[in-house]
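Residue-level listing of the chains:
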Amino acid sequence: MPGPLGTQPDAGVARGKPEETFDTAIELFENAPQGTTAIGFRILGVLRKARQSGALSFAPLAEDGISSPSGGWIKIADRLQNDPVRTSIWMVHEAYHVAVVNDKMLYVDEEIQSRLIQGEYSIYLEDTGGRLKNGR
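Here's a quick rundown of the structure. (Residues numbered from 1 in each chain as written. Predicted model: local features only at pLDDT ≥ 70, side-chain atom pairs only at ≥ 80, totals over all residues. Heavy atoms only, no water.)

## Some words on the overall build of the protein chain
Moving on, step 1. Summing up its helical and strand segments, the protein chain has four helices and three strands in all.
Moving on, step 2. When the elements of the protein chain are put in sequence order from the N terminus, they spell out α-α-β-β-β-α-α.
Moving on, step 3. Counting every position in the protein chain, which comprises 136 residues, the buried fraction comes to 46%.
Moving on, step 4. For the protein chain, the proportion of contacts with a sequence separation of at least 24, taken over those separated by at least 6, is 59%.
Moving on, step 5. Summed over all atoms, the accessible surface of the protein chain reaches about 7,300 Å², with 54% contributed by carbon and sulfur. (Helix = DSSP H or I, 4+ residues; strand = E, 2+ residues; numbered from the N terminus. Buried < 20%, exposed > 50% of the residue type's maximum accessible area, 1.4 Å probe, protein only. Contact = heavy atoms within 4.5 Å. Areas by Shrake-Rupley, 256 points an atom, 1.4 Å probe, with all protein chains shown as cover.)

## What about the packing of helix H1 (residues 18-30) against helix H2 (residues 38-53)?
Moving on, step 1. Two elements in contact, H1 and H2, have axes whose closest approach is 10 Å; the angle formed by their N-to-C orientations is 165°. With respect to each other, H1 and H2 are oriented roughly antiparallel. Relative to H2, the crossing made by H1 is left-handed. In contact with Glu19, Phe22, Asp23, Ile26, Phe29 and Glu30 of H1, H2 contributes Gly40, Ile43, Leu44, Leu47, Arg48 and Arg51.
Moving on, step 2. A breakdown of the residues in the contact of H1 with H2 according to their chemical character gives six nonpolar, one polar and five charged. (Axes fitted to C-alpha atoms, helices over the stretch in contact; angles between N-to-C directions. Parallel < 35°, antiparallel > 145°, perpendicular 65-115°, else oblique. Left-handed = near helix turned anticlockwise from the far one by under 90°. Nonpolar A, V, L, I, M, F, W, Y, C, P; charged D, E, K, R; others polar.)

## Here's the deal with the nonpolar core
Moving on, step 1. Counting 35 residues, the largest nonpolar core has Ile43, Ile74, Ile76, Met91 and Tyr121 as the members making the most contacts within it.
Moving on, step 2. Every element with two or more residues in this core is listed here: H1, H2, strand S1 (56-59), strand S3 (73-77), helix H3 (84-99) and helix H4 (107-128).
Moving on, step 3. Considering each element in turn, this core owes the most residues, nine residues, to H3.
Moving on, step 4. Apart from residues lying up to four places away in sequence, tyrosine 121 is in contact with Ala25, Leu28, Phe29, Ala32, Gln34, Ser88, Ile89 and Val92. (Core = buried A, V, L, I, M, F, W, Y, C linked by side-chain atoms within 4.5 Å.)

## Some points on the side chain of glutamate 94
Moving on, step 1. By secondary structure assignment, the location of glutamate 94 is in helix H3.
Moving on, step 2. One buried charged side chain, glutamate 94, makes no salt bridge at all; its nearest oppositely charged neighbour is arginine 115, positioned 6.6 Å away.
Moving on, step 3. Setting aside residues up to four positions removed in sequence, glutamate 94 forms contacts with Gly65, Ile66, Ser67 and Ile74. (Lys, Arg positive; Asp, Glu negative; His and termini not counted. Salt bridge = Lys/Arg side-chain N within 4 Å of Asp/Glu carboxyl O.)

## What to know about a nonpolar patch on the surface
Moving on, step 1. On the surface, Leu106, Tyr107, Val108, Ile112 and Leu116 cluster together into a nonpolar patch covering about 530 Å² of accessible area.
Moving on, step 2. Locating valine 108 in the fold gives a position in helix H4. (Patch = residues over 30% accessible without salt bridge, like charges linked within 9 Å, V, L, I, M, F, W, Y side chains within 5 Å.)

## A few points about unusual backbone geometry
Moving on, step 1. In the Ramachandran plot, lysine 104 falls in the positive-phi region, its phi being about 55° despite a non-glycine side chain.
Moving on, step 2. On the basis of relative accessible area, lysine 104 is assigned to the exposed category, the value being 78%.

## As for the environment of arginine 115
Moving on, step 1. Take arginine 115: it is sitting in helix H4.
Moving on, step 2. When the C-alpha atoms of arginine 115 and valine 92 are compared, they prove to be 9.4 Å apart, with 23 residues separating the residues in sequence.
Moving on, step 3. When residues no more than four places from it in sequence are discounted, the contact partners of arginine 115 are Trp90 and His93.

By themselves, these observations are geometric and do not establish any function.
What follows is the structure, encoded as structure tokens:
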């Protein structure tokens, strides 16, 4: 019986390699329609910078993800380490907050917008399974 989106054993990465999970998660968003929008490009910029600088990590969290918009770091719950799809969905949500840190949005508007892109992206992944560069 299949589990929730992205939780099957073939979810896309070898076990125990967070770098591969992050790289796959970024690539999934990069190849999604949401990643080609203006805000999607900003989110990708945040994710690439965080990945390159070591500001993207897994951590034991009660929630699925947290971020520091002013610090530029993003932490994803370590229970998602072997699930690049769910990792990607939460990375997008948290990276949105970092990407708009200087936009002077009301907190409620920022949260609504971050949930909207996260939701659209999640539906895309659910409907298509996502796409990686090598066709997987």
